[in-house]
Amino acid sequence: MADIITGLLIISASTAFLALLLEIADRFLADYGEKTIRINEEKEFVVKGGSTLLSTLGQNKIFLPSACGGKGTCGLCKVKVPNGGGPVLPTETPHLTVDEMMQHVRISCQLKVKEDLDVEIPEELFAIKEYRVRVERVDLLSPEMKYFHFKILAPEEGLVFKAGQYVQLEVPPSELSKEPQFRAYSIASPPYEHETMGLIITKVPGGVVSTYVHDYLQVGDELIARGPFGEFCLRESEKDMLMIATGSGLAPIRSMLHKIYREGAKRKITLFFGDKKPEDLIYYDELHEFDKTHPSFTYIPTLSRTTEEDTWDGEKGRVTDLIRKYIPDNSGIEVYICGVPAMVQSCNDLLLQKGIPQENICFDKFE
Ligand SMILES: Cc1cc2nc3c(=O)[nH]c(=O)nc-3n(C[C@H](O)[C@H](O)[C@H](O)COP(=O)(O)OP(=O)(O)OC[C@H]3O[C@@H](n4cnc5c(N)ncnc54)[C@H](O)[C@@H]3O)c2cc1C
Ligand code: FES
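As a starting point, this report considers the structure included with it. Treat the numbers as computed from the prediction; the structure is a model and nothing was measured.

Our next topic: the sheet that holds strand S4 (residues 105-107). Reading across from one edge, S2-S1-S5-S3-S4 is the order of the 5 strands in this open sheet, with mixed pairing throughout. Of all strands in the sheet, those with a lone pairing partner are strand S2 (43-48) and S4, marking the two edges. Here the average twist between neighbouring strands, direction ignored, is 40°. Here strand S1 (residues 34-39) pairs with strand S5 (residues 117-120) via 3 bridges, running parallel. The residue of S5 that forms the bridge with Ile-37 is Leu-117.

Turning our attention to the nonpolar core. Soluble globular proteins: nonpolar side chains tend toward being buried together. With 31 residues, the main nonpolar core has Met-243, Leu-250, Ile-253, Leu-257, Leu-271, Leu-287 and Phe-297 as its most contacted residues. For this core, the elements supplying multiple residues, two or more each, are strand S7 (145-154), strand S12 (241-246), helix H5 (250-262), strand S13 (269-275), helix H6 (284-293), strand S14 (297-303) and strand S16 (334-339). Ranked by the residues each element gives to this core, the list is headed by H5, at 7 residues. When residues of this core are assigned to domains, at least three fall in each of domain 2 (128-229) and domain 3 (241-365). With sequence-adjacent residues up to four places away left out, Leu-271 is seen in contact with Met-243, Leu-250, Ile-253, Leu-257, Leu-287, Phe-297, Thr-298, Tyr-299 and Ile-300. Counting 27 residues, the second largest nonpolar core, distinct from the first, contains Leu-54, Val-105, Val-113 and Leu-125.

The next subject is the packing of helix H7 (residues 319-326) against helix H8 (residues 341-353). Orientation of H7 relative to H8, taken along the N-to-C sense of each, is 15°, at an axis distance of 9 Å. With respect to H8, the element H7 is oriented roughly parallel. Note that H7 runs across H8; the crossing there is right-handed. Where H7 approaches H8, its residues Val-319, Thr-320, Ile-323 and Arg-324 are matched on the opposing element by Met-343, Ser-346, Cys-347, Leu-350 and Leu-351.

So, on to unusual backbone geometry. For the bond running from Ala-154 to Pro-155, omega is 0°, close enough to zero to count as cis. Positionally, Pro-155 belongs in the loop between S7 and strand S8 (166-171). A cis geometry characterises the amide bond from Gly-227 onward to Pro-228, with omega recorded as -5°. Examined against the element boundaries, Pro-228 turns out to sit in strand S11 (residues 222-229). Residue Asn-40 is not a glycine yet carries a positive backbone phi of 50°. Relative to the assigned elements, Asn-40 resides in the loop between S1 and S2.

What counts and how
Residues numbered from 1 in each chain as written. Chains lettered and ligands numbered in written order. Predicted model: local features only at pLDDT ≥ 70, side-chain atom pairs only at ≥ 80, totals over all residues. Heavy atoms only, no water. Pairing = 2+ DSSP bridges. Helix = DSSP H or I, 4+ residues; strand = E, 2+ residues; numbered from the N terminus. Axes fitted to C-alpha atoms, helices over the stretch in contact; angles between N-to-C directions. Core = buried A, V, L, I, M, F, W, Y, C linked by side-chain atoms within 4.5 Å. Buried < 20%, exposed > 50% of the residue type's maximum accessible area, 1.4 Å probe, protein only. Domains from an automatic or database assignment. Contact = heavy atoms within 4.5 Å. Parallel < 35°, antiparallel > 145°, perpendicular 65-115°, else oblique. Left-handed = near helix turned anticlockwise from the far one by under 90°.

Listed below in structure tokens is the structure:
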């Protein structure tokens, strides 16, 4: 038995080593020359082959959705490649359905431009812009979360977005990464403020971009942001709303609430906000103020890790406990959920069990 395990380990290590050698050879030795990329059978441009389709398009100012910065983990950078592109790679298959593969959908951060390609890009993505932004202020919201207030330096018209959308924020090379890195961050500021942009960013232990902005970014520094992306947006409806967020998942919800109350909407809205300790309750005063000034708004925070020393007499437990407690079966509400994937999934499943149809539940997972 020990021999078999040792044999398997040796085979896996050799395969991984071989794959690494091939990747290094491909990156530094292979020269694919110039290739033509044809977009929507209309325009075409000549590019230097060898880079990923995601970054090659980006260099030509066509920006596809992406949350993980091209690591192949988010699956958001899908694009149709009807011609060229070669076989689907093992790193793409976890993100593609059989139907998508039949329709030539590819994961653009994994596919390298090694031959001429035809690419189909949805029209709305041509409106995505690159913004030059400068840090104006940084607020410490909780031990793990900071609010970054940016001024939009260019283009002049500022950032036009719908509440709920996100930007890709790029940070420069540092000791954390030799290459520039970008990740998705939901816009937390109101959509009617075009000259500025606010992001709530949680520091993830070992995380490249979140550590950079928390520990290295200074007031006055300039960065690049691209966007706006995403379809987690308010729908035209008069249904009562339930909003659920944990941690920095409050960002897009905060932007939505500012829009709703600025426009004087009277919809009944309940916000469940969950985190661990009292010091994690970001925007507590602002949300209480909304609660006091708008009779149609109810704010219910809940904490999952209080101790006897904490003077907290509010709800205890997780946001799923609040759903069980406050949401009756088959209520005709519309739901917006935002935060880490496990929380979003548990809330979604529970709401379905309570008879709320999937088409009434929108969510954004911070994968
Ligand atoms: C649409 C969208 C909107 C988002 N909006 C926000 C936002 O407004 N605010 C915000 O803070 N984040 C947001 N995120 C998450 C964000 O894009 C990054 O994933 C996060 O900041 C981690 O990036 P990093 O470079 O620091 O970590 P990475 O270097 O990418 O990851 C390092 C390690 O941490 C793990 N990891 C990644 N994220 C988490 C996490 N949340 N908790 C625990 N471990 C994690 C990874 O699996 C990896 O092992 C959003 C994500 C999406 C998809
Ligand atoms: S950018 Fe995340 S999978 Fe491609």
